[in-house]
Amino acid sequence: MTKSYVTSIVIIFCTVLIETAILSNISVLPAVPDLLLLCTLYIGILNGKAAGEIAGFTSGVFLDFLSGAPFGFNCLYRTVLGFISGLLGISFNFEGILMPAVVGFSGTFIKVFFVWIISLLYPNVSVLYHVASVPFLFELACNTVFAPLVFKFLSLFKSSLSLKPEDD
């Protein structure tokens, strides 16, 4: 159990470093693909609601510290997204290409909705997405395309990430 949480935190920390230090500095990208969101969704799907919440909160804390966002802004919506992914994990099979792509697509839309709701509490933060804008559509496309790749990559660590013993 501890091994799973430590592995999750290491993966989340490495992903947030890649996102904030490398991807955010590529000036030709109209938006940064949210690989951290995809990792949070995968961990929630794999381990359930509680682990999804912990992964979401942890990713939000790391992102808040490294991005300069007000503390708690990313924590709040990522915790809710981790919980939602944990609820879905017991209902669907997320192997293959289609379901991870659907999760990446819908997770991005839910993220944008929560960011809009939470931004009402933080009036000085200008992180609002416009649904028809190029940055949002780029992030949506990237998250949809990268979701199967990220899920497949993280499945390599499934034995270390999973809280449940394998039935194989």
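Residues numbered from 1 in each chain as written. Predicted model: local features only at pLDDT ≥ 70, side-chain atom pairs only at ≥ 80, totals over all residues. Heavy atoms only, no water.

Each helix and strand counted, the protein chain has seven helices and zero strands in total. Whereas a compact globule of 168 residues would reach a radius of gyration of roughly 15 Å, the protein chain reaches 15 Å, a difference of no more than 12%. In terms of principal-axis extent, the alpha carbons of the protein chain reach across some 50 × 30 × 30 Å. When each of the 168 residues of the protein chain is scored for burial, the buried share is 43%. Considering only intrachain contacts with a sequence separation of at least 6, the fraction spanning at least 24 residues in the protein chain is 72%. (Helix = DSSP H or I, 4+ residues; strand = E, 2+ residues; numbered from the N terminus. Rg over C-alpha atoms; globule rule 2.2 N^0.38 Å. Buried < 20%, exposed > 50% of the residue type's maximum accessible area, 1.4 Å probe, protein only. Contact = heavy atoms within 4.5 Å.)

A separate point is helix H1 (residues 2-22). Turn by turn, an α-helix covers 3.6 residues, leaving residues three or four places apart pointing in a common direction. With 21 residues, H1 extends 29 Å from end C-alpha to end C-alpha; this agrees with the ideal 30 Å at 1.5 Å per step. Listed in full, the buried residues belonging to H1 are Ser4, Thr7, Ser8, Ile11, Ile12, Thr15, Val16 and Glu19. When H1 is viewed along its axis, its buried side chains cluster within an angular range of 160° and face the same direction. Residues of H1 that are exposed and angled more than 90 degrees away from the buried face: Thr2 and Lys3. Elements in contact with the buried residues of H1: helix H2 (35-47), helix H3 (49-67), helix H6 (134-155) and helix H7 (158-161). (Expected span 1.5 Å × (residues − 1). Arc of directions from axis to C-beta.)

In this structure, Leu163 sits in the segment after H7. A relative accessible area of 30% places Leu163 in the partly exposed class. With 117 residues separating them along the chain, Leu163 and Leu46 place their C-alpha atoms 8.2 Å apart. Among all residues touching Leu163, those that are not within four sequence positions of it are Met1, Ser4, Tyr5, Asn47 and Ala51.

The next point concerns a nonpolar patch on the surface. Together, Phe13, Leu17, Phe65, Leu66 and Phe71 line one region of the surface with nonpolar side chains, adding up to about 510 Å² of accessible area. Elements with a minimum of two residues in the nonpolar patch: H1 and H3. Looking at the element boundaries, Phe13 is found in helix H1. In this structure Phe13 comes out as partly exposed when scored by relative accessible area, which is 36%. (Patch = residues over 30% accessible without salt bridge, like charges linked within 9 Å, V, L, I, M, F, W, Y side chains within 5 Å. Areas by Shrake-Rupley, 256 points an atom, 1.4 Å probe, with all protein chains shown as cover. Salt bridge = Lys/Arg side-chain N within 4 Å of Asp/Glu carboxyl O.)

On to the environment of Asp64, then. In this structure, Asp64 sits in helix H3. As a C-alpha pair, Asp64 and Asn74 span 10 residues in sequence and 6.1 Å in three-dimensional space. Within polar-contact distance, the side chain of Asp64 engages the backbone nitrogen of Gly72 at 2.8 Å. (Polar contact = N/O pair within 3.5 Å; in protein donor to acceptor, adjacent residues only side chain to side chain.)

It is worth spelling out H6 at this point. Along its 22 residues, H6 runs 31 Å from first to last C-alpha, staying within 8% of the 32 Å computed at 1.5 Å per residue. If you look at H6, its biggest bend is around 40°, right at Phe146, and the proline Pro148 turns up within four residues after that. For H6, every residue scored as buried is listed here: Phe136, Glu139, Leu140, Cys142, Asn143, Ala147, Pro148, Val150, Phe151 and Leu154. Buried-residue contacts for H6 involve H1, H2, helix H5 (98-119) and H7. (Bend = angle between axes of the 7 residues up to and from the residue.)

Attention now goes to the state of the cysteines. Tallying each qualifying case throughout the model produces zero disulfides. Free cysteine Cys39: the closest other cysteine sulfur is in Cys14, separated by 9.8 Å. With relative accessibility at 4%, the residue Cys39 sits in the buried group. (Disulfide = S-S within 2.5 Å.)

This part covers the pattern of salt bridges. Under the definition given, this model contains four salt bridges. Salt-bridge contacts for Arg78 lead to Asp34; the nearest nitrogen and oxygen are separated by 2.9 Å. Taken together, the residues Arg78 in helix H4 (residues 73-89) and Asp34 in the loop between H1 and H2 connect sequence positions 44 residues apart. Assigned by exposure class, Arg78 and Asp34 land together as buried. Close ionic contact of Asp34 with Lys111 constitutes a salt bridge, the shortest N to O distance being 2.8 Å. On the criterion of sequence distance, the pair formed by Asp34 in the loop between H1 and H2 and Lys111 in helix H5 is long-range, its members being 77 residues apart. Overlapping salt bridges bring together Asp34, Arg78, Lys111 and Glu139 as one network.

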